[in-house]
Amino acid sequence: MSWAGSDEIFLSTSLAGFLDKKLIVLLRDGRKLLGTLCSFDQFANVVLQGACERVIVGELYCDVPLGLYVIRGENVVLIGELDREKDELPAHMTCVSETQIRKAEKAEREARDLKGSMRKRMEFLDFD
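What this report covers is the structure whose coordinates are included nearby. Note that this is a predicted model, so its numbers are computed, not measured.

Each helix and strand in the protein was counted, giving two helices and six strands. Taken from the N to the C terminus, the helices and strands of the protein come in the order α-β-β-β-β-β-β-α. Split into buried and exposed, the 128 residues of the protein put 24% on the buried side. Residue pairs in contact within the protein that sit at least 24 positions apart in sequence constitute 52% of those at least 6 positions apart. By element, 55% of the accessible surface of the protein is carried by carbon and sulfur atoms, the whole surface being about 9,100 Å².

Okay, here's the thing in structure tokens:
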């Protein structure tokens, strides 16, 4: 007797083709993780070896190393294979340190929050 439904079997077999390949995993919270798929189960829980989080802010990016990383399947939105031969980012992107990218993230978040608060203050004006 099998507990796995047909959808779960299909998911497992499709992930089997990605074993030992470099992947990008998009999570529900928007993070992008890169790494080599070591293991998975019927719930799409995955284990990435040599994982890093790719943080992109404007034209800056940084790959923050995470090491061996376990991802709960319910947080996975997308899994895709990366081509090892091709450059993964456009040429105009600049690689910076983790400290610099965190500062840029903070500045972007503060600007977004300020824009949102200004919009709320201006809601009483009807521009339509």
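Let us look at the pairing of strand 3 (residues 46–57). Where strand 2 (residues 32–40) and strand 3 come together, seven bridges link them in antiparallel fashion. Considered in strand 3, the bridge of Leu-34 is made with Cys-52. Here strand 2 hands over to strand 3 after five residues, with Ala-44 in that stretch at a positive phi of 70°. Bridge analysis of strand 3 against strand 4 (residues 60–71) gives ten bridges, and the strand direction is antiparallel.

Right, let's talk about the layout of surface pockets for a bit. Considering only enclosed or pocket space, the largest pocket measures out at about 170 Å³ in volume. Taken together, Gly-30, Arg-31, Lys-32, Glu-53, Arg-54, Val-55, Ile-56, Val-57, Glu-105, Glu-108, Arg-109 and Arg-112 make up the lining of the largest pocket. A total of five residues in the lining of the largest pocket trace back to one element, the largest contributor, which is strand 3. Residue composition of the lining of the largest pocket, grouped by class: three nonpolar, one polar and eight charged.

Another point: unusual backbone geometry. Glycine aside, negative phi is the norm for most residues, and most peptide bonds take the trans geometry. Positioned with a positive phi, Asp-20 is a non-glycine residue whose angle comes to about 65°. Topologically, Asp-20 is positioned in the loop between helix 1 (6–16) and strand 1 (22–27). Owing to a relative accessible area of 62%, Asp-20 belongs among the exposed residues under this scheme. Within the chain, Ala-44 stands out as a residue other than glycine whose phi angle is a positive 70°. The residue Ala-44 is located in the loop between strand 2 and strand 3 in this model.

Cut-off values and rules
Residues numbered from 1 in each chain as written. Predicted model: local features only at pLDDT ≥ 70, side-chain atom pairs only at ≥ 80, totals over all residues. Heavy atoms only, no water. Helix = DSSP H or I, 4+ residues; strand = E, 2+ residues; numbered from the N terminus. Buried < 20%, exposed > 50% of the residue type's maximum accessible area, 1.4 Å probe, protein only. Contact = heavy atoms within 4.5 Å. Areas by Shrake-Rupley, 256 points an atom, 1.4 Å probe, with all protein chains shown as cover. Pairing = 2+ DSSP bridges. 1 Å grid on protein atoms, 1.4 Å probe; cavity = no way out; pocket = protein on both sides within 12 Å on 5 of 7 lines; lining within 4 Å. Points joined across faces, edges and corners; volume = space filled by probe spheres on them. Nonpolar A, V, L, I, M, F, W, Y, C, P; charged D, E, K, R; others polar.

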